[in-house]
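# Topology and contacts: notes
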Amino acid sequence: MNAPLPAAGPRLSRRGLLGAATAVTAAATGLTATPAVAAEAGRRSAADFVTARRGALRLNGETFRFGGTNCYYLHQQSHYMIDSVLDDAAAMGLTVVRAWAFADGTGKSARPLQPEPYRYDEAAFDSLDYAVHKAGELGLRLVLPLVNNWPDYGGMQQYVTWFLGLADDSYGEGVNHDRFYTDKAVKDCYKAYAKFVIRRRNRYTGLRYCDDPTVMAFELANEPRCRSDKSGATLLAWAGEMSAYVKSLAPRQLLAVGDEGFYGEAGHGDYPYSDYEGTPWKKLVSLPSVDYATVHVYPQNWGETSGAKPGTDATTWGTRWINDHLRDGRALGKPVVVEEFGLQIDAGRDIPDSAARDRAYTAWTDAVRTGGGAGDQFWLLTSRVDDGSFYPDYDGHRIIWNNDPANPARAAAQLFSAHAKAMAATS
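Just so we're clear, the structure is a prediction, and the values are computed from it rather than from any experiment. (Residues numbered from 1 in each chain as written. Predicted model: local features only at pLDDT ≥ 70, side-chain atom pairs only at ≥ 80, totals over all residues. Heavy atoms only, no water.)

### Section: the overall build of the protein chain
We apply this condition: Per the convention used, a helix needs a DSSP run of H or I reaching at least four residues, while a strand needs a run of E reaching at least two, with both numbered from the N terminus. Categorising residues by exposure relies on relative accessible area from a 1.4 Å probe, with only protein chains included: less than 20% of the type maximum marks a residue as buried, more than 50% marks it as exposed, and the intermediate range marks it as partly exposed.
When you go through the protein chain residue by residue, the secondary structure sums to 11 helices and 11 strands. Looking at the protein chain as a whole, 60% of its 427 residues qualify as buried.

Structure, rendered in structure tokens:
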């Protein structure tokens with residue numbers, strides 16, 4: 001999920017809207033692992049893990065490329081809701097789904113995974129366990145970030161509040177927020193949580209997460225930023241330490257930082273290329289324990305539109321942003337995944353209707369496919385909730401796999417499906 005342009009940014013963040021999403025949460029139903037499931041898990045081999053080598057992702061000795069999606073809510077929903085969206089992802093031919101593996105502190109989500117430091121709610125992990133199990137049954141793979149940069153679901157600020165009692169300035173200068181990266185007590189708590197998740201034994205598969213190839217990758221965070229140190233040194237030091245630690249816990253799984261791809265170039269006049277967020281993308285990607293680079297694409301939220309910047313077009317700018325990262329990823333020898341991208345229908349920000357958005361999505365996914373990208377994951381696929389209705393469109397980016405002509409995202413869903421199949425065909 002993306003945040004808006006700082007200070008003079010033209011739009012509001014969608015994080016406040018997504019915060020309302022927790023109201024949809026329903027209690028997960030309980031299951032126990034069966035001998036058949038345990039036996040099936042035991043037959044999985046090391047060859048089933050996706051690996052990274054020579055600038056590409058690989059699976060069973062072959063190049064692995066994918067079209068995928070995000071569905072952040074799997075870790076807190078009922079089995080019915082998990083089944084609904086993962087069944088739809090499989091029906092579309094998607095192969096990778098990114099979903100949160102964090103929920104920190106009380107009052108931030110329906111049921112926290114970590115209600116207080118070093119205490120983990122085993123019952124609350126039922127949904128995440130089941131999502132991993134269900135994804136494995138369907139042949140899907142998951143990407144699991146371990147903390148949020150933003151205060152939704154607690155995030156980094158929750159750790160700072162727990163240990164330092166500092167106010168939330170996640171959307172401001174980030175001086176308090178950025179203590180997450182340097183305070184030893186905070187870092188130790190994050191490491192303990194990461195270890196608990198990575199080494200936990202799934203109640204449905206019988207496997208530890210680190211032994212299950214269904215979990216394709218762990219990410220250090222969702223969209224880490226460090227505005228208080230624009231040199232990038234603070235975030236780079238933290239990512240270096242934590243990537244080595246997480247990789248030691250899960251050596252067979254891929255590891256990514258989970259950042260947005262901001263270049264961190266001092267003096268650059270274009271916000272996403274500048275050092276404003278303190279995120280030096282090339283240096284983060286070059287860390288030895290980082291297996292692939294991540295990129296997010298939200299030109300409307302970053303002021304890259306004709307209304308905010310005459311002569312700029314959101315679609316064209318997004319295509320250039322993708323191509324720049326694919327080029328630089330090749331030079332760095334790391335695979336590149338465009339792991340979040342989205343546009344809202346808004347004539348004032350270059351996307352007047354669904355057809356215009358679909359043209360942009362086609363241009364962006366074509367850029368990944370023809371430019372050698374390892375994969376891409378649109379924001380966001382949702383499906384039905386427990387009463388049978390569709391999950392609300394909280395942020396204007398919702399895609400649902402429902403071929404009823406009344407579905408406003410029908411054409412977009414179909415183009416993502418066709419793209420996923422085209423990416424798989426090049427593997």
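### Structural notes on the layout of surface pockets
Quick reminder of the rule: Cavities and pockets were defined on a 1 Å grid built over protein atoms only: a cavity is a set of grid points that admits a 1.4 Å probe from which the probe cannot escape, a pocket is an open set flanked by protein on both sides within 12 Å along at least five of seven lines, and lining residues are those with an atom within 4 Å of any such point. Grid points are joined across faces, edges and corners, and a volume is the space filled by probe spheres set on the points. Any residue outside Ala, Val, Leu, Ile, Met, Phe, Trp, Tyr, Cys, Pro, Asp, Glu, Lys and Arg is labelled polar, Gly included; the first ten of those are nonpolar and the last four are charged.
If you add up the space inside the second largest pocket, you get close to 150 Å³. Lining the second largest pocket, in full, are Gln344, Ile345, Arg349, Ser354, Arg357, Asp393, Gly396, Arg398, Ile400, Asn407, Pro408 and Ala409. Grouping the constituent residues of the lining of the second largest pocket by class yields four nonpolar, four polar and four charged.

### Considering the sheet that holds strand E7 (residues 215-219)
This is how it is decided: For two strands to pair, DSSP has to find at least two bridges joining them. Every angle, taken between N-to-C directions, lies between 0 and 180 degrees, and every axis is a line fitted to C-alpha atoms, over only the stretch in contact when it is a helix.
Ordered in space as E8-E7-E6-E5-E4-E11-E10-E9, the eight strands form an open sheet in which the pairing is parallel. At either end of the open sheet lies a strand with only one pairing partner, and these are strand E8 (254-256) and strand E9 (293-297). Neighbouring strand axes in the sheet, compared pairwise and without regard to direction, differ in orientation by 25° on average. For E7 and E8, the ladder comprises three bridges, and the chain directions are parallel. Across the sheet, Ala217 pairs through a bridge with Leu254, a residue of E8.

### Re the pattern of salt bridges
Under the convention used in this document: Here, a salt bridge means any side-chain nitrogen of Lys or Arg that lies within 4 Å of a carboxyl oxygen of Asp or Glu.
In total, this model carries 29 salt bridges according to the counting rule given. For Glu122, the salt bridge is made with Arg203, and the minimal N-O distance between the two is 3.1 Å. Linking Glu122 in the loop between strand E5 (96-98) and helix H4 (126-138) with Arg203 in the loop between helix H6 (184-199) and E7, this pair joins segments that are 81 residues apart in sequence. Look at Glu122 and you get partly exposed, because its relative accessible area is 38%. Through salt bridges with shared partners, one network takes in Asp270, Glu304, Lys309, Arg320, Asp324, Arg327 and Asp328.

### Concerning the environment of Ser231
Rule in force here: Any N or O atom pair separated by 3.5 Å or less is treated as a polar contact, with the protein-specific requirement of one donor-capable and one acceptor-capable atom, and with residues adjacent in sequence counted only for side-chain atom pairs.
In this fold, Ser231 is placed in the loop between E7 and helix H7 (233-249). Expressed as a C-alpha distance, the spacing of Ser231 and Glu277, which sit 46 residues apart in the sequence, is 9.2 Å. Of note is the side chain of Ser231, whose polar atom sits 2.6 Å from the side chain of Asp229. Within the structure, the side chain of Ser231 is placed 3.2 Å from the backbone nitrogen of Ala233, a separation counted as a polar contact.

### Quick look at the sheet that holds strand E2 (residues 56-59)
What holds strands together in a sheet is hydrogen bonding between their backbones, with the strands either parallel or antiparallel. Pairing is antiparallel across the open sheet formed by three strands, whose spatial order is E1-E2-E3. Each of the sheet's edge strands pairs with one partner strand only, and the pair in question is strand E1 (51-53) and strand E3 (62-63). Looking at chain direction, E1 and E2 are connected through three bridges and run antiparallel. Note on E2: the bridge partner recorded for Ala52 is Leu57.

### Description of unusual backbone geometry
A cis geometry characterises the amide bond from Trp379 onward to Leu380, with omega recorded as 0°. Its place among the elements puts Leu380 in the loop between strand E11 (375-378) and helix H11 (410-425). Despite not being glycine, Tyr118 shows a phi value in the positive range, around 70°. Positionally, Tyr118 belongs in the loop between E5 and H4.

### A word on empty space enclosed by the protein
Over the atoms rolls a probe the size of a water molecule, and in doing so it shows where empty space is left. Tallying each qualifying case throughout the model produces two cavities of 30 Å³ or more. Around the largest cavity sit Asn149, Trp150, Asp169, Ser170, Gly174, His177, Asp178, Arg225, Cys226, Arg227 and Glu277, which together line it. Its residues placed into classes, the lining of the largest cavity shows two nonpolar, four polar and five charged. Looking at the second largest cavity, its volume works out to about 30 Å³. Along its surface, the second largest cavity is lined by Val257, Gly258, Asp259, Trp281, Leu284, Val285, Val290, Tyr292, Ala293 and Thr294. For the lining of the second largest cavity, the elements supplying multiple residues, two or more each, are helix H8 (281-285) and E9. Considering each element in turn, the lining of the second largest cavity owes the most residues, three residues, to H8. Along the lines of polarity and charge, the residues of the lining of the second largest cavity split into seven nonpolar, two polar and one charged.

### Quick look at the pairing of strand E10 (residues 336-341)
Both faces of the sheet carry side chains from a regular strand, because those side chains alternate between them. This is how the line gets drawn: When the strands point away from the viewer and the path from the first strand over the helix to the second turns clockwise, the crossover is right-handed.
For E10, a buried count of six out of six residues is recorded, marking the element as mostly surrounded by other parts of the structure. Bridging between E9 and E10 involves five bridges; their strand directions are parallel. Its bridge partner being in E10, Ala293 is matched across the sheet by Val336. Handedness of the crossover joining E9 and E10 through helix H9 (residues 314-332): right-handed. In the sheet, E10 pairs with E11 via two bridges, with the strands oriented parallel.

### With respect to the packing of aromatic side chains
Our working definition: Each Phe, Tyr or Trp ring (for Trp, its six-membered ring) is paired with any other whose centre lies within 6.5 Å, and the angle between the two planes then decides the class: stacked below 30 degrees, edge-to-face above 60, tilted in between.
As enumerated under the stated definition, the model contains 41 aromatic pairs in all. Measuring from ring centre to ring centre gives 6.1 Å for Trp100 and Trp379, while their planes differ by 40°; the resulting arrangement is tilted. In this pair, Trp100 is assigned in the loop between E5 and H4 and Trp379 in the loop between E11 and H11, connecting sequence segments 279 residues apart. Taking the relative accessible area as the measure of exposure, Trp100 reaches 0% and is therefore buried.

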